[in-house]
Amino acid sequence: MKKFLAIVGGIVVAVYILMTAFVAVQETEIVVITLLGKPVRVIDEAGLVLKIPDPIQTAIRLDKRLQGLDSNLGEYLTKDKKNLVVGSYILWRVNEGKKFIQTVRDMKSAERRLSDLVGSELGAAIGTHDLTEFLSTVEGDTKIPQILGKVKTTCQGPAEKEFGIEIVDVRLRRLGFPVQNLRSVYDRMRAERARMAKKYRAEGEEEAAKIRAKTDKEVRELLANAYRDSQIVRGKGEAEAIRIYGDAFSKDPNFYKLTRTLKAYQKFLDDKTTLILSSESPLFRYLETPPEVR
């Protein structure tokens, strides 16, 4: 019986040794081998690795994929003494497994260290810029990308040197004002909008006045040109009429006088007209004696 138990125990120990002596490393992870708690070897290539069985040597697995961290909201003061509530997110990954295990040990601790580091540098950067460099009514007029780029560069050195972490990017997820300052901010925004609207209305009225003046000038020029052309046409018509009258008179003066006199009769003689004419008047002469028409 004792021999059987010894055999079973030996098998169990052998299985345990085999199971803990080999480590399967995945593509997405870094494995740090520790000897009695101290890192002795880092494996960042996929495959099956042999080590001394636990508990002499243990394997700590670290995810080497890109990690995202939402930092806590913080209130910061700008260069022109305006309060801003800022929240950021950090993209990072484990770069040196051994240093990471020696300093921060796990992901949660790493996130706390990163949040403190980036928050400190972000506050310092905000304190060197005015509010207008963060918020602007003109698209693309802010300096947020440049400021965050500087924060990322400043934090990269300490993060890599002290924690074995690579900071890939730092971005803002929220930018606003403290609740107690919102009313004054909204008042300033409304005043700015009203000022711009007044400016645009004044520019519009000025442009409209220019358009009206230009249009009035064009109308006057068109009317003047039209009047000039009408006078030219009228003059030509009157000249042509005079020429026609002259030709008609030269061909038969008596007939021309007769037709002109008859037209004159049609204009001023009717049943309500009373004429008192001298016997020497040409009108009376035609009424008394018909002219000779050849």
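Preceding block: the structure.
Just so it is clear, the model here is predicted, and its values are computed rather than measured.

(A) Structural view of the overall build of the protein. Looking only at helices and strands, one finds seven helices and nine strands in the protein. When contacts within the protein are restricted to residue pairs at least 6 apart in sequence, those whose partners lie at least 24 apart make up 64%. Just so you have it, the protein exposes about 20,700 Å², and 57% of that area is on carbon and sulfur atoms.

(B) Quick look at the sheet that holds strand 3 (residues 38-43). Strand order in the open sheet formed by three strands is 3-2-5, and the pairing between neighbours is antiparallel. Edge positions in the sheet fall to strand 3 and strand 5 (57-63), since each has one partner strand and no second. Neighbouring strand axes in the sheet, compared pairwise and without regard to direction, differ in orientation by 30° on average. Bridge count between strand 2 (residues 29-35) and strand 3: five bridges; the pairing is antiparallel. Across the sheet, Ile33 pairs through a bridge with Arg41, a residue of strand 3.

(C) Focus on the nonpolar core. Formed by 33 residues in total, the largest nonpolar core has its most connected members in Trp92 and Phe100. For this core, the secondary structure elements donating two or more residues are strand 2, strand 8 (83-94), helix 2 (97-103), helix 3 (107-126), helix 4 (144-163) and strand 9 (165-176). With sequence-adjacent residues up to four places away left out, Phe100 is seen in contact with Leu62, Trp92, Val94, Arg105, Asp106, Met107, Ala110, Phe163 and Ile165. Val23, Val25, Ile33 and Val49 belong to the second-largest nonpolar core, a separate cluster that totals six residues.

(D) Representation of the pairing of strand 7 (residues 74-77). On strand 7, burial follows the alternation: Gly74 and Tyr76 on one face are buried, whereas Glu75 and Leu77 on the facing-out side are not. By the bridge criterion, four bridges tie strand 7 to strand 8 in an arrangement that is antiparallel. By the bridge assignment, Glu75 is partnered in strand 8 with Val85. Connecting strand 7 to the antiparallel partner strand 8 that follows it, the hairpin turn spans five residues, and Lys81 within it adopts a positive phi of roughly 65°.

(E) Up close: the pattern of salt bridges. Here the structure, examined in full by the defined rule, presents 10 salt bridges. Ionic pairing is found between Lys143 and Glu133, a salt bridge with its closest N-O pair at 3.5 Å. Of this pair, Lys143 sits in the loop between helix 3 and helix 4 while Glu133 sits in the loop between helix 3 and helix 4, placing them 10 residues apart in sequence. Accessibility expressed as a relative area gives 41% for Lys143, which makes it partly exposed. On the basis of relative accessibility, which here comes to 16%, the residue Glu133 falls in the buried class. Here Lys210 ties to Glu206 by a salt bridge, and the two come within 3.8 Å at their closest N and O atoms.

(F) Quick look at helix 3. Compared with an ideal rise of 1.5 Å per residue, which puts 20 residues at 28 Å, helix 3 spans 28 Å between its outermost C-alpha atoms and is within 8% of the ideal. When we look at burial in helix 3, the residues that qualify are Ser109, Ala110, Leu114, Ser115, Leu117, Val118, Gly119, Leu122, Gly123, Ala125 and Ile126. On its buried face, helix 3 sits against strand 6 (67-70), strand 7, strand 8, helix 2, helix 4 and strand 9.

What counts, and at which threshold
Residues numbered from 1 in each chain as written. Predicted model: local features only at pLDDT ≥ 70, side-chain atom pairs only at ≥ 80, totals over all residues. Heavy atoms only, no water. Helix = DSSP H or I, 4+ residues; strand = E, 2+ residues; numbered from the N terminus. Contact = heavy atoms within 4.5 Å. Areas by Shrake-Rupley, 256 points an atom, 1.4 Å probe, with all protein chains shown as cover. Pairing = 2+ DSSP bridges. Axes fitted to C-alpha atoms, helices over the stretch in contact; angles between N-to-C directions. Core = buried A, V, L, I, M, F, W, Y, C linked by side-chain atoms within 4.5 Å. Buried < 20%, exposed > 50% of the residue type's maximum accessible area, 1.4 Å probe, protein only. Salt bridge = Lys/Arg side-chain N within 4 Å of Asp/Glu carboxyl O. Expected span 1.5 Å × (residues − 1).

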